[in-house]
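Geometric and topological summary
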Amino acid sequence: MPAGGKANRTNCPPPAPQKTPNRLIHEKSPYLLQHAYNPVDWYPWGQEAFDKAKKENKPIFLSVGYSTCHWCHMMEEESFQNEEIGRLLNEDFVSVKVDREERPDVDKVYMTFVQATSSGGGWPMNVWMTPSLQPFVGGTYFPPEDGLTRVGFRTVLTRIRDQWKQNKNTLLENSQRVTTALLARSEISVGDRQVPPSAATMNTRCFQQLDEGYDEEYGGFAEAPKFPTPVILNFLFSYWLSHRLAQDGSRAQQMALHTLKMMANGGIRDHVGQGFHRYSTDRQWHIPHFEKMLYDQAQLAVVYSQAFQISGDEFYSDVAKGILQYVTRSLSHRSGGFYSAEDADSAPERGMKPKEGAFYVWTVQEIQQLLPEPVGGASEPLTSGQLLMKHYGLSEAGNINSNQDPKGELQGQNVLTVRYSLELTAARFGLDVEAVSTLLNTGLEKLFQARKHRPKAHLDSKMLAAWNGLMVSGFAVTGAVLGMDKLVTQATNGAKFLKRHMFDVASGRLKRTCYAGTGGSVEHSNPPCWGFLEDYAFVVRGLLDLYEASQESSWLEWALRLQDTQDRLFWDSRGGGYFCSEAELGSDLPLRLKDDQDGAEPSANSVSAHNLLRLHGFTGHKDWMDKCVCLLTAFSERMRRVPVALPEMVRALSAQQETLKQIVICGDPQGKDTKALLQCVHSIYLPNKVLILADGDPSSFLSRQLPFLSNLRRVEDRATAYIFENQACSMPITEPCELRKLLHQ
């Protein structure tokens, strides 16, 4: 189900004079506040709603979405703002509204039910359930009235109301049966298995499955819609590294680099303001769904940086820098945190009804008016606007196919997408490549300045610990790879924000959410929404990446403490692996799940497997290696059955069975020779390594964790590198070029 959002939606839109708010007006979530003036008597998820349903013997209607979701807003306007539908809901149901980004546990449990009992999933997700929270009917978007192919929401409500009154016992029995089946299906456990599967076998099968679905012409792994899926590109790069000398290795590298190039040239990338939209509606990456998500920017910054490490092509590093430029400008709180998303829809002009993509699309007339300057030296009469339109594929009639614009909102509009290389555009008009590049960049900057005057899309100013953790990684890894200290500083500021605003010192727990308040302040819900597994896993990853980029051991210390808390709250001591939610927090839910799919975001269990390996490399603590092996064993059956569903976990499996490199640099943290060796390591694609700075202080945190560090010596008082692998240590290395040779072996 496509997802997008409505423009110009403030956290709480001003009501019409006669409207009175429902109880959602007291919530912090931008999504819940968007429903605060519905005639529906909404409840937030909680005991008050459950008690009401039991007391009045009514089914619960659960509606789940998020604030930048296009179809969520469609259903709100068509159904939840409808007085008669509101009356039906209020009389016969207890209605509960949930922001999936605040409560991913609720979302996962009931999405599992919807996907198991219908043709698919998506948002809005609408589920009817018993007062004891067991689901019996579910679906996604419903139109308000019956159509040729779909039953309307009003009809669904009356049918469920009648069934509840006439056949309640049957509904309850079916609900119990479905819940029991889902419990059995979702079981992930070590069972009688002793060890994880063979990494070589899982790698080969995962690569083969990806190769079979690869789009040779446009890159990516589906017809349409196409999502960026950085986890797949990460896998392909890792597969290339371990199969460099084989044909499959070259193939994996080509698949990943070609996909990244086609995405960056396509309309899924915002060529004017940078950053990537959520997905493409076609296989060419041309027409996007225009929503922009923080988690995409974070992961894509890393994978484009890795593409630069592997290829040396600055095209990829420029894309990574552009992503982070966009995040800094549009998704950053002044205190260092990062907002969740920007919407797909916005008003073409102030006061008009929002339309999808209005902020991002252009007419030929607009381009001609903004860029009328003649281009000197061209082989024919040419303006800057004509040059830009040729290069980016704009036309008078618009370049958006009518079947991608079912409402006709984008007629005559264009999405910028690179049609030709700079060389071809230059040759077409008899110009130098450098001159064309300068002219295009100048033109894009003018479009950017003009676009500032358009009504902006709604910003979801909620801040999530998990996505902030991913973004810390994005800035830290890109800053380290490109040698850009200012990016590492932004990663540091992001980590400081997490510690200051999203960490409870007394309990050692992370908070899931905080919100941008007035005047740059940061607000929290009361009581706080505590963190889920993904919050811990993604923040720990971010802190480990930040330690390697900054060599500030305090971030490593905090990562260790958070991992201890994660183990205490989420580890399944019986079956292995991590549950998505705390036992206490999710005690009212019918299922306690373990996330078993790497999708738009990686599974928190996959990320945790990597984190445990890295923490073992940083500390030598055997219990973390044992936990990693147990986790991988618990997911053995899922990996064997569909390895392509867990490419990030297959990467962790390979790292565990091949062992990590420990790269130790002994030197003064401020010394030029130390920095040269560190930058040498950062410039090389080495996914299965830990990078440690030993500053010679035997009382330092790392020396206490790894006592052997105190025995390492600098050669002739110069910064010196040592590589530990498979219980063996390299000779000491003082020259970056020698270190590079050794790391490339």
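By the naming in an unreviewed UniProt entry, the chain is Spermatogenesis-associated protein 20, taken from Cricetulus griseus. The heading Function (unreviewed entry) in the UniProt record of the chain holds the text "May play a role in fertility regulation." Recorded under Subcellular location (unreviewed entry), the UniProt text for the chain is reproduced unchanged: "Secreted".

1. Considering the overall build of the chain
For the chain, the helix and strand inventory stands at 27 helices and 21 strands. Compactness check: the chain gives a C-alpha radius of gyration of 27 Å against a globular reference of 27 Å for 745 residues, within 12% of the reference. With the C-alpha coordinates aligned to their principal axes, the bounding extent of the chain is approximately 85 × 75 × 50 Å. In the chain, which comprises 745 residues, the proportion classed as buried is 59%. Accessible area of the chain: about 29,500 Å², with a carbon and sulfur share of 49%. Positive and negative side-chain charges of the chain, numbering 78 and 86 respectively, have mean locations separated by a distance of 2 Å.

2. Describing the UniProt feature "domain: Spermatogenesis-associated protein 20-like TRX" (unreviewed entry) in the chain
Feature annotation in UniProt assigns "domain: Spermatogenesis-associated protein 20-like TRX" (unreviewed entry) to the following positions: residues 21-182. Counting secondary structure, residues 21-182 comes out at 48% helix and 15% strand; the distance between its end C-alpha atoms is 37 Å.

3. Some remarks on the packing of helix α11 (residues 294-311) against helix α17 (residues 465-482)
Running from amino to carboxyl end, α11 crosses α17 at an angle of 20°, the nearest separation of the two axes being 8 Å. Judged by the angle between their axes, α11 and α17 are roughly parallel. Handedness of the crossing formed by α11 with α17: left-handed. Here L294, Y295, Q297, A298, A301, V302, S305, F308 and Q309 of α11 lie close against α17, whose contacting residues are W467, N468, L470, M471, S473, G474, V477, T478, V481 and L482. Classifying every residue of the contact of α11 with α17 by side-chain character gives 12 nonpolar, 7 polar and no charged.

4. Concerning the sheet that holds strand β8 (residues 292-293)
If you walk across this open sheet you meet the 3 strands as β8-β9-β12, and the pairing is antiparallel. Because the sheet does not close on itself, it has two edges, and the strands there are β8 and β12 (459-460). Examined bridge by bridge, strand β9 (residues 341-342) and β12 share 2 bridges and lie antiparallel to one another. Bridge pairing in β12 links A341 to D460.

5. A few points about the packing of aromatic side chains
What the rule picks out here adds up to 33 aromatic pairs. With a centroid separation of 4.7 Å and 40° between ring planes, the pair formed by F227 and Y279 is classed as tilted. Taken as a pair, F227 in the loop between α8 (199-212) and α9 (230-242) and Y279 in strand β6 (residues 279-280) lie far apart in primary sequence, 52 residues in all. Judged by relative accessible area, which is 32%, F227 ranks as partly exposed. When the ring of W240 is compared with that of Y685, the centres are 6.3 Å apart and the planes differ by 40°; the resulting orientation is tilted. A residue pair is termed long-range when its members are at least 10 positions apart, and W240 in helix α9 and Y685 in the loop between α25 (672-682) and β19 (689-694) qualify at 445 residues. Each member of the pair W240 and Y685 is classed as buried. Ring pairs connect the aromatic residues W42, F61, F80, W128, F142 and F153, which therefore count as one cluster. Taking the ring centre of F315 as reference, the NZ or CZ of K261 above it sits at 4.8 Å. A cation sits over an aromatic face here: K292 above Y326, 4.0 Å from the ring centre.

6. A closer look at the state of the cysteines
In total, this model carries 1 disulfide according to the counting rule given. What pairs with C69 in a disulfide is C72, and their sulfur atoms sit 2.3 Å apart. Taking the torsion about the S-S bond as the criterion, the C69 to C72 disulfide, at about 80°, is right-handed. For C69, a relative accessible area of 0% gives the class buried. Looking at C72, the relative accessible area reads 1%, which means it is buried. With no disulfide partner, C680 has as its closest neighbouring cysteine sulfur the one in C737, 8.5 Å distant. By relative accessible area, C680 is classed as buried at 3%.

7. Brief notes about the packing of helix α6 (residues 153-166) against helix α7 (residues 168-185)
The N-to-C vectors of α6 and α7 enclose an angle of 100°; their axes lie 5 Å apart at closest approach. In terms of orientation, α6 and α7 fall into the roughly perpendicular class. Contact residues: α6 offers Q163, W164 and Q166, while α7 offers K168, L171 and L172. Its residues placed into classes, the contact of α6 with α7 shows 3 nonpolar, 2 polar and 1 charged.

8. Things to note about the sheet that holds strand β13 (residues 462-464)
The 3 strands are arranged β13-β16-β17 in an open sheet whose pairing can be described as antiparallel. Two strands close off the open sheet at either side, each with one partner strand: β13 and β17 (522-523).

9. Describing the pattern of salt bridges
Proximity of charged atoms lets side chains of opposite charge pair with each other. Across all of its chains, the model carries 43 salt bridges by this definition. Between D318 and K321 there is a salt bridge, with the nearest N and O atoms lying 3.7 Å from each other. A residue pair is termed a helical-turn pair when its members lie 3 or 4 positions apart in one helix, as D318 and K321 do in helix α12 (residues 314-330) at 3 residues. Under the relative-accessibility criterion, D318 is labelled partly exposed at 42%. With relative accessibility at 34%, the residue K321 sits in the partly exposed group.

10. Structural notes on the confidence of the model for the chain
Low pLDDT marks regions whose predicted coordinates should not be analysed in detail. Per-residue confidence for the chain averages 93 on the pLDDT scale, and 97% of its residues sit at or above 70. When the criterion is pLDDT under 50, residues 1-17 qualifies, and its contacts beyond four places in sequence or with other chains add up to 71 contacts.

11. Observations concerning helix α3 (residues 70-80)
The periodicity of an α-helix, 3.6 residues per turn, causes residues three or four positions apart to be oriented the same way. Counting buried positions along α3 yields 8 of 11 residues, so the element is predominantly enclosed. Considered for burial, the residues of α3 that qualify are H70, C72, H73, M74, M75, E76, S79 and F80.

12. Comments concerning the side chain of H271
As for its placement among the helices and strands, H271 is situated in the loop between α10 (247-265) and β6. A polar side-chain atom of H271 sits 2.9 Å from the main-chain carbonyl oxygen of G266. The residues touching H271, leaving out its near neighbours within four places in the chain, are A264, N265, G266, Y392, L416, T417, V418 and L444.

13. As for the environment of P225
Mapped onto the elements, P225 comes out in the loop between α8 and α9. For P225 and D105, which are 120 residues apart along the polypeptide, the C-alpha to C-alpha distance reads 26 Å. Residues within four places of P225 in sequence aside, it is in contact with Y279 and S280.

Procedures and definitions
- Residues numbered from 1 in each chain as written.
- Predicted model: local features only at pLDDT ≥ 70, side-chain atom pairs only at ≥ 80, totals over all residues.
- Heavy atoms only, no water.
- UniProt positions renumbered as here; feature names shortened; annotations may be inferred.
- Helix = DSSP H or I, 4+ residues; strand = E, 2+ residues; numbered from the N terminus.
- Rg over C-alpha atoms; globule rule 2.2 N^0.38 Å.
- Buried < 20%, exposed > 50% of the residue type's maximum accessible area, 1.4 Å probe, protein only.
- Areas by Shrake-Rupley, 256 points an atom, 1.4 Å probe, with all protein chains shown as cover.
- Lys, Arg positive; Asp, Glu negative; His and termini not counted.
- Charge placed at Lys NZ, Arg CZ, Asp CG, Glu CD.
- Axes fitted to C-alpha atoms, helices over the stretch in contact; angles between N-to-C directions.
- Parallel < 35°, antiparallel > 145°, perpendicular 65-115°, else oblique.
- Left-handed = near helix turned anticlockwise from the far one by under 90°.
- Contact = heavy atoms within 4.5 Å.
- Nonpolar A, V, L, I, M, F, W, Y, C, P; charged D, E, K, R; others polar.
- Pairing = 2+ DSSP bridges.
- Phe/Tyr/Trp six-rings, centres within 6.5 Å; stacked < 30°, edge-to-face > 60°.
- Lys NZ or Arg CZ within 6 Å of the ring centre and 35° of its normal.
- Disulfide = S-S within 2.5 Å.
- Salt bridge = Lys/Arg side-chain N within 4 Å of Asp/Glu carboxyl O.
- pLDDT = per-residue confidence, 0-100.
- Polar contact = N/O pair within 3.5 Å; in protein donor to acceptor, adjacent residues only side chain to side chain.

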